[in-house]
Amino acid sequence: MAAGKKLYRSTSNRMIAGVCGGIAEYFNVDPTIIRLAYVILSVFTVAFPGIIVYIIASLIIPQDPGYTDI
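Now for a quick tour of the structure. Just so you know, these numbers come straight off a predicted model, no measurement behind them.

1. Brief notes about the nonpolar core
Phase 1: Among the nonpolar cores identified, the biggest contains eight residues, and these are Ala 17, Val 19, Cys 20, Ala 24, Ile 34, Tyr 54, Ala 57 and Ile 61.
Phase 2: Of all the elements, helix 1 (residues 19–27) adds the most residues to this core, at three residues.
Phase 3: With residues up to four places along the chain from it excluded, the contact list for Ala 17 reads Arg 9, Ser 10, Tyr 54 and Ser 58.

Encoded structure:
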């Protein structure tokens, strides 16, 4: 039985914590589209909830296990 895809914070497509890059890799889309969608969503929710969601996501979503910190 094949294992399903898992969501990880990106190590190659990261700007801050790799959350948007990880979501983009999971859905196989351009990270810029995810980042723009996040910014637009944050602006329309008056920014504060968007920032909190990003911080929580960066704490909950694990970092890519293939990453080696040198």
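Structure shown, so let's carry the discussion forward.
2. A short note on the environment of Gly 50
Phase 1: Mapped onto the fold, Gly 50 is located in helix 3 (residues 48–60).
Phase 2: Under the relative-accessibility criterion, Gly 50 is labelled buried at 7%.
Phase 3: For the pair Gly 50 and Val 39, spaced 11 residues apart in sequence, the C-alpha separation works out to 8.1 Å.

3. Some points on helix 1
Phase 1: Listed as buried for helix 1 are Val 19, Cys 20, Gly 21, Gly 22 and Ala 24.
Phase 2: Residues of helix 1 that are buried in the fold lie against helix 2 (31–44) and helix 3.
Phase 3: Remark: Asn 28 follows helix 1 within two positions and exhibits a positive phi of approximately 55°.

4. Focus on the packing of aromatic side chains
Phase 1: All told, the structure shown has two aromatic pairs when counted by the stated rule.
Phase 2: Judged by centre distance (5.0 Å) and plane angle (90°), the rings of Tyr 26 and Phe 27 are edge-to-face.
Phase 3: Classification of Tyr 26 by relative accessible area gives partly exposed; the value is 29%.
Phase 4: You can call Phe 27 exposed: its relative accessible area is 55%.
Phase 5: Summarising the aromatic geometry, the rings of Tyr 38 and Tyr 54 are spaced 5.6 Å apart at their centres and angled 50° between planes, so their arrangement reads as tilted. Within this pair, whereas Tyr 38 is found in helix 2, its partner Tyr 54 is found in helix 3, the two being separated by 16 residues in sequence.
Phase 6: Under the relative-accessibility criterion, Tyr 38 is labelled partly exposed at 24%.

Cut-offs applied
- Residues numbered from 1 in each chain as written.
- Predicted model: local features only at pLDDT ≥ 70, side-chain atom pairs only at ≥ 80, totals over all residues.
- Heavy atoms only, no water.
- Core = buried A, V, L, I, M, F, W, Y, C linked by side-chain atoms within 4.5 Å.
- Buried < 20%, exposed > 50% of the residue type's maximum accessible area, 1.4 Å probe, protein only.
- Helix = DSSP H or I, 4+ residues; strand = E, 2+ residues; numbered from the N terminus.
- Contact = heavy atoms within 4.5 Å.
- Phe/Tyr/Trp six-rings, centres within 6.5 Å; stacked < 30°, edge-to-face > 60°.

These figures capture arrangement, not role.
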